[in-house]
Amino acid sequence: MAGYDTIGGFAPFSPKVDTRTAVAVLLLLLPSVGGTLGESCQGKCGQSLGRCSCRATCASLARCCPDYKEFCVEFSPQSGSILGGTDFLVLHATFNRSDLIVCKFDDGVTTTGYVDEAEGGHCISPLLYQSGWVPVRVSSNHGIAYDRVGSWLAVHTGKLDAKLKAHLVNSTKWQYYGTPQVGGSLEMTWNTSLVRARGVNVELWGYRETGKPYSDRWRAEWKFLYSLAEDAANNGSFAFVPQPSADFSSWEVGALRVSSSTNPRGLWNVEAAWSEDHALAWHLERKFRNDSGAWALGKCLAWDRLENDLPDFLDEIVDCPCTLAQARADTGRFHTDYGCDIERGSVCTYHPGSVHCVRAIQASPRYAAGQQCCYDGSGVQVLTADSVGGSTPDRAHDWGSPPYGRPPRVPGQSHWLYDVLSFYYCCLWSDNCRYYFKRRPSSDCRRYRPPSSAVVFGDPHFITFDGVRYSFNGKGEYNLLTCPGKRLTIQGRTEPVDGNATKLTSVAMKEASSDVIEVRLVAGDDGLQVLRNQKQLLFNEQSWMDLDGVFVFSPSAPNVTVMFPSGAGVEVRLRDGTVTATVLLPEEFHNATRGLLGNANGVAGDDLVPARAGSNATRGLLGNANGVAGDDLVPARAGSNAEDVFNFGASWAVSNESALFTYDSKYLLDTYYNSPRHDPDFIPAFSVPENPDDPLYDVASDVCSGAGSQFCRYDILVGRSPDLGKATKVSFQSHASLVEDLKPVVSCGRLAPPTDGRKEGTAYLQGSTVRLLCDDGFAAEGPTERTCLADGTWSGGDTVCVPYAPSNKAAVIAGSVVGVLLAAALITAGLVFWAKKRKRSSRLSRDLSSSFGRVEFTDE
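**Student:** Any chance you could explain the overall build of the protein here in plain terms?
**Tutor:** Along its length, the protein carries 14 helices and 41 strands. A burial count over the protein gives 52% of its 860 residues as buried. For the protein, the proportion of contacts with a sequence separation of at least 24, taken over those separated by at least 6, is 62%.

**Student:** Please clarify how the packing of aromatic side chains should be interpreted in this entry.
**Tutor:** Pairs of aromatic rings are described using the distance from one ring centre to the other and the angle between the two planes. Considering all chains together, one arrives at 41 aromatic pairs under this definition. Ring centres 5.5 Å apart and planes at 15° place the aromatic pair phenylalanine 238 and phenylalanine 240 in the stacked group. On the basis of relative accessibility, which here comes to 11%, the residue phenylalanine 240 falls in the buried class. Members of the aromatic cluster, connected to one another through ring pairs, are Phe288, Trp295, Trp303, Tyr350, Trp416, Phe423, Tyr424, Tyr425, Trp429, Tyr436 and Phe437. Lysine 159 extends its terminal NZ or CZ atom over the ring of tryptophan 399, reaching a point 4.0 Å from the ring centre. The ring of tyrosine 697 carries the charged tip of arginine 713 above its face, separated from the ring centre by 5.4 Å.

**Student:** I would appreciate a short explanation of the pairing of strand β28 (residues 528-532) in the present structure.
**Tutor:** Each regular strand shows side chains that alternate between the opposite faces of the sheet. Judged by how many residues are buried, β28 sits mostly within the fold: 5 of 5 residues are covered. The pairing of strand β27 (residues 517-521) with β28 spans 5 bridges and is antiparallel. By the bridge assignment for β28, glutamate 518 is matched with leucine 531. The turn joining β27 and β28, which pair antiparallel and follow one another in sequence, is formed by 6 residues; a positive phi near 95° is taken by glycine 524. Pairing geometry for β28 and strand β29 (residues 535-537), over 3 bridges, is antiparallel. Residue pairing across strands places arginine 532 opposite lysine 535, the latter belonging to β29. Hairpin connection of β28 to β29: 2 residues between the antiparallel strands, including asparagine 533 at a positive phi of 50°.

**Student:** What is the right way to read the packing of helix α12 (residues 709-717) against helix α13 (residues 722-741) from this model?
**Tutor:** Packed helix pairs are specified by the crossing angle of their axes together with the interaxial distance, meaning the distance between the axes. Axis separation between α12 and α13 bottoms out at 7 Å; the angle between their running directions is 160°. Here α13 runs roughly antiparallel to α12, going by the angle between their axes. The hand of the α12/α13 crossing is right-handed. Across the interface between the two elements, Phe711, Cys712, Asp715 and Ile716 from α12 touch Pro722, Leu724, Gly725, Thr728 and Phe732 from α13.

**Student:** Teacher, can you tell me more about the pairing of strand β14 (residues 237-240) here?
**Tutor:** Only one face of β14 is covered, namely the one carrying Phe238 and Phe240; the face carrying Ser237 and Ala239 has none of its residues buried. The sheet contact formed by strand β11 (residues 186-189) and β14 spans 4 bridges and is antiparallel. From the neighbouring strand, leucine 186 faces β14, where its bridge partner is phenylalanine 240.

**Student:** Just checking my understanding: could you explain the environment of tyrosine 68 for this structure?
**Tutor:** Its location among the elements puts tyrosine 68 in helix α2 (residues 68-71). Its relative accessible area of 13% is what places tyrosine 68 among the buried residues. With 24 residues separating them along the chain, tyrosine 68 and histidine 92 place their C-alpha atoms 9.7 Å apart. Excluding residues that lie within four positions of it along the chain, tyrosine 68 makes contacts with Cys41, Ser53, Cys54, Arg55, Ala56 and Cys58.

**Student:** For this particular structure, what's the right way to read the packing of helix α5 (residues 292-308) against helix α7 (residues 413-428)?
**Tutor:** Taken N-terminus to C-terminus, the directions of α5 and α7 make an angle of 135°; their axes are 7 Å apart at the nearest point. Regarding the angle of α5 to α7, the classification is oblique. Relative to α7, the crossing made by α5 is left-handed. Between α5, through Trp295, Ala296, Leu297, Lys299, Cys300 and Trp303, and α7, the contact on the second element is made entirely by Tyr418, Ser422, Tyr425 and Cys426.

**Student:** I tried to follow the side chain of glutamate 477 on my own but got confused; where do I start?
**Tutor:** Inspection of the secondary structure assignment puts glutamate 477 in strand β24 (residues 476-483). Within polar-contact distance, the side chain of glutamate 477 engages the side chain of tyrosine 663 at 2.7 Å. With residues near it in sequence (within four places) discarded, glutamate 477 still touches Gly492, Arg493, Trp652, Ala653, Val654, Phe661, Tyr663, Tyr672 and Arg677.

**Student:** Sorry, what's going on with the pattern of salt bridges here?
**Tutor:** All told, the structure shown has 39 salt bridges when counted by the stated rule. Among the ionic pairs, arginine 440 bridges to glutamate 307, the shortest N-O distance being 3.1 Å. With arginine 440 in the loop between α8 (433-439) and β21 (452-457) and glutamate 307 in helix α5, the pair connects residues that are 133 residues apart, well separated along the chain. Ionic pairing is found between arginine 447 and aspartate 319, a salt bridge with its closest N-O pair at 3.0 Å. On the criterion of sequence distance, the pair formed by arginine 447 in the loop between α8 and β21 and aspartate 319 in the loop between α5 and α6 (324-329) is long-range, its members being 128 residues apart. By sharing partners, the salt bridges in this structure join Glu307, Arg395, Asp419 and Arg440 into a single network.

**Student:** Would you take a moment to explain the sheet that holds strand β3 (residues 87-90) for this structure?
**Tutor:** In any sheet, the strands associate via hydrogen bonds between backbone groups, in a parallel or an antiparallel arrangement. Judged by pairing direction, the sheet is antiparallel, and its 4 strands sit side by side in the order β1-β3-β7-β6 without closing on themselves. Two strands bound the open sheet, and with one partner strand each, they are β1 (75-76) and β6 (114-115).

**Student:** So what exactly am I meant to see when it comes to unusual backbone geometry here?
**Tutor:** A negative phi angle characterises most non-glycine residues, just as the trans form characterises most peptide bonds. In this structure, the amide linkage connecting serine 76 to the following residue, proline 77, adopts the cis form with an omega of -5°. Assignment of secondary structure puts proline 77 in the loop between β1 and β2 (79-81). Here the residue pair proline 407 and proline 408 is connected by a cis peptide bond, since its omega of 0° sits within 30 degrees of zero. You can see proline 408 is positioned in the loop between β20 (372-375) and α7. Phi at arginine 720 takes a positive value of approximately 60°, unusual for a residue other than glycine. By secondary structure assignment, the location of arginine 720 is in the loop between α12 and α13.

**Student:** Is there a simple way to explain the sheet that holds β20 in this structure?
**Tutor:** On the basis of which strands lie adjacent, the open sheet formed by 3 strands has the order β18-β19-β20 and antiparallel pairing. In this open sheet, the two strands that pair with only one neighbour each are β18 (334-336) and β20. Across the sheet, the mean angle separating the axes of adjacent strands is 30° when strand polarity is ignored. Where β18 meets strand β19 (residues 356-360), 3 bridges bridge the pair, whose relative direction is antiparallel. Of the residues in β19, the one forming a bridge with histidine 335 is arginine 359.

**Student:** Any chance you could explain the confidence of the model for the protein here in plain terms?
**Tutor:** Do not read the fine detail of predicted coordinates wherever pLDDT is low. On average, the protein scores 88 in pLDDT, and the residues at 70 or more come to 86%. Residue range residues 6-36 is modelled with pLDDT below 50. Its contacts to residues more than four positions away, or to other chains, number 21 contacts. Low pLDDT, under 50, characterises residues 808-815; the stretch is placed with 3 contacts to residues that sit more than four places away or in other chains.

**Student:** In this structure, what is going on with the environment of phenylalanine 686? I would like to understand it.
**Tutor:** Looking at the element boundaries, phenylalanine 686 is found in the loop between α10 (666-673) and α11 (697-703). The exposure class of phenylalanine 686 is partly exposed, given its relative accessible area of 33%. Sequence separation of phenylalanine 686 and tyrosine 714 is 28 residues, and the distance between their C-alpha atoms is 9.5 Å. Ignoring any residue separated from it by four or fewer positions in sequence, one finds phenylalanine 686 in contact with Ala642, Glu643 and Phe646.

**Student:** It is not clear to me how the state of the cysteines should be interpreted in this structure. Could you clarify?
**Tutor:** Here a disulfide denotes a covalent bond joining the sulfur atom of one cysteine to the sulfur atom of another. Taken as a whole and assessed by the stated rule, the structure comprises 14 disulfides. Between the sulfur atoms of cysteine 103 and its disulfide partner cysteine 123 the distance amounts to 1.9 Å. Residues cysteine 103 and cysteine 123 share a disulfide whose torsion about the S-S bond is about -85°; that sign makes it left-handed. Taken together, the positions of cysteine 103 in strand β4 (residues 102-105) and cysteine 123 in strand β7 (residues 121-124) put the pair 20 residues apart, joining distant regions of the chain. Like cysteine 103, the residue cysteine 123 is buried in the burial classification. The disulfide bridge from cysteine 748 ends at cysteine 788, spanning 2.1 Å between sulfur atoms. Linking cysteine 748 and cysteine 788, the disulfide has an S-S dihedral of approximately 90° and is accordingly described as right-handed. One end of the pair, cysteine 748, is in the loop between α13 and β37 (757-760); the other, cysteine 788, is in the loop between β40 (785-787) and β41 (800-803), with 40 residues separating them in the sequence. By the burial criterion, cysteine 748 is buried, and cysteine 788 matches it.

Conventions we followed
Residues numbered from 1 in each chain as written. Predicted model: local features only at pLDDT ≥ 70, side-chain atom pairs only at ≥ 80, totals over all residues. Heavy atoms only, no water. Helix = DSSP H or I, 4+ residues; strand = E, 2+ residues; numbered from the N terminus. Buried < 20%, exposed > 50% of the residue type's maximum accessible area, 1.4 Å probe, protein only. Contact = heavy atoms within 4.5 Å. Phe/Tyr/Trp six-rings, centres within 6.5 Å; stacked < 30°, edge-to-face > 60°. Lys NZ or Arg CZ within 6 Å of the ring centre and 35° of its normal. Pairing = 2+ DSSP bridges. Axes fitted to C-alpha atoms, helices over the stretch in contact; angles between N-to-C directions. Parallel < 35°, antiparallel > 145°, perpendicular 65-115°, else oblique. Left-handed = near helix turned anticlockwise from the far one by under 90°. Polar contact = N/O pair within 3.5 Å; in protein donor to acceptor, adjacent residues only side chain to side chain. Salt bridge = Lys/Arg side-chain N within 4 Å of Asp/Glu carboxyl O. pLDDT = per-residue confidence, 0-100. Disulfide = S-S within 2.5 Å.

Take a look at the structure:
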């Protein structure tokens, strides 16, 4: 474990040294005492020196070296666009007006800074091909020595706060400019404080990637193309009528930059306001404006041919969740796609018919591809085979992926070139989406498996991955979960509350070589504080942070979500002064967890195995996530002895070497760091006192009811806090809802309509029915309705639409009509012939009678 700024060493329980040895050591150290008095943090940030410290925890412990803030610097603001141009102040450091400031960023990019009239030092952030925290070194002597060290947060343009960007007014018009009936002037606006100058240049910069894809020569490139305006008034807006570009039309993705007109055209890394990257329809060649559909079709077909030469990435991306509820609950692996967010009114420009989309958080391992999943108002996944608003996978993950820097891992821009611009070619600028959807078909959910979930809340109470419920009120620091196979560790700290109980106040976690993240309750119990490697992270500028081996999302002070590359997620929520921690684990953790949250294996009986028992890979206060309840020290069954459960919990106290927490106060040092990690002297109440005379008895009866009521009653009657009891009830109900949302569902996969037919229904989950219909002139052979069954298959056989044959109904009708007409004609002819014959016979009879007497004739 990392050392801490404790006087007299960094490990607790130091062995005693006899007086003669101490004197000898002191005499040896005397020559260096004078030097320690002048110890400096110059070049030593993050280290603990003999008599003072240069670590992030030194301030709260009052142990910082005198020049700590001079050399271990912070910046304001602390973040900006990956496109650069943000002017930030070096806090607390002192400079002279004559100093020549140079700032060097992680990959060796340097920018020229300046000293203001108040002798404050400034840096300008550069254009970077990566997001996340970037080390920065500052020189005040023109780059001879870089002795000040800090960190800068580079942010994906799509995640950057709107007030820090230039805005394209009516962005739809920009996207379609040059297509039929879209023309006129375009306008952009910006906050004038982003560029402190009277006059500004408005420039177009383009982005492209060169070299053979997936080769060592594949490179990303931003380039200045041309100016739209020079020395324009910095009044916060600019309008122009775009002209087709003759020389730069091959640049089809880019961004606009507003910078001071005192800078030469196209000068890199100066203070600027950037627009978001976008498709440059407005500057494309004259051929596009003459016939945008034909131009776009040619580009679409060229892209389709290019895809033939690129590797297939579809097999290595994760499947989508089957339902909207699953997609929003699986926060360890999926996060809201800001282009289609139900919380922001479901403005889904690229996905009509959808109400919400999510993206897979992690890029695929080999090709850095991404996954997108969209859902309609009924919570059903929308597929591109059924709708143009369906979700599409991405050859390049929109958010990029470590190690960044090169295609296809450049945040935002690689995705634009390989996934978004092609959508414009085939779907927006022409009506040829079939080519796009052939290459970017929606993934269904047949292989999706929802994560297991466990939670710790209240005083504190536990529900393991396999559903075992118990309370453990030890005071100390404990392993909630360990997984040696994935190298994931999650630890929890508990502190006493009023009454004879404790509550969770801090959660610390790490996976493999990732940053250590700690989320803890601040003083006053009214907020959560996030620490990264013992240093506080501030979310006042950005809600999402790309860190080393981990992502952290905090949209508001009471809500923090931590996401690891394995797909494990940890949600930390603050409710009425109490911390609730929910852990989500994908199926790769099956039967591989240890700790207080149990073994995630679907078997409840093995979730309470003590730290020194069992051989499964995961154990902890949350149990062993293997589904077997019987591999824990205390069997997970009704009537388990409370003292046995307490002993089980105590066995999961962390060791001094494995502790991940930050000890930056005398209280934490004395109570936890320099004391046993499980306090053996703290004995909680093991049962709920049922005393009708207790003034809180009726309160507990009113508040606590239904499932989980025993936890609520404990927190009110033992913890002596109705608010805590109410928070516990809410946490219990929230976890029950989460478990319900994450229940597995059966998918039968998409059912295609028959050839020469159509279908009604686009839901493919168990119990869904799809109607199959044939076009006019065709008849159905096979079922006209098919239902998704519990075994993942569709009822009935295949349905085929066959054309009507001549011998079928039409031929029969035609033959009948002809037959009837022919019969009628024959009858009519016969009647006419009979009538004529009779008339002749009658006349002949009269004639004969008159000549020969009476003769009788009969008609035969």
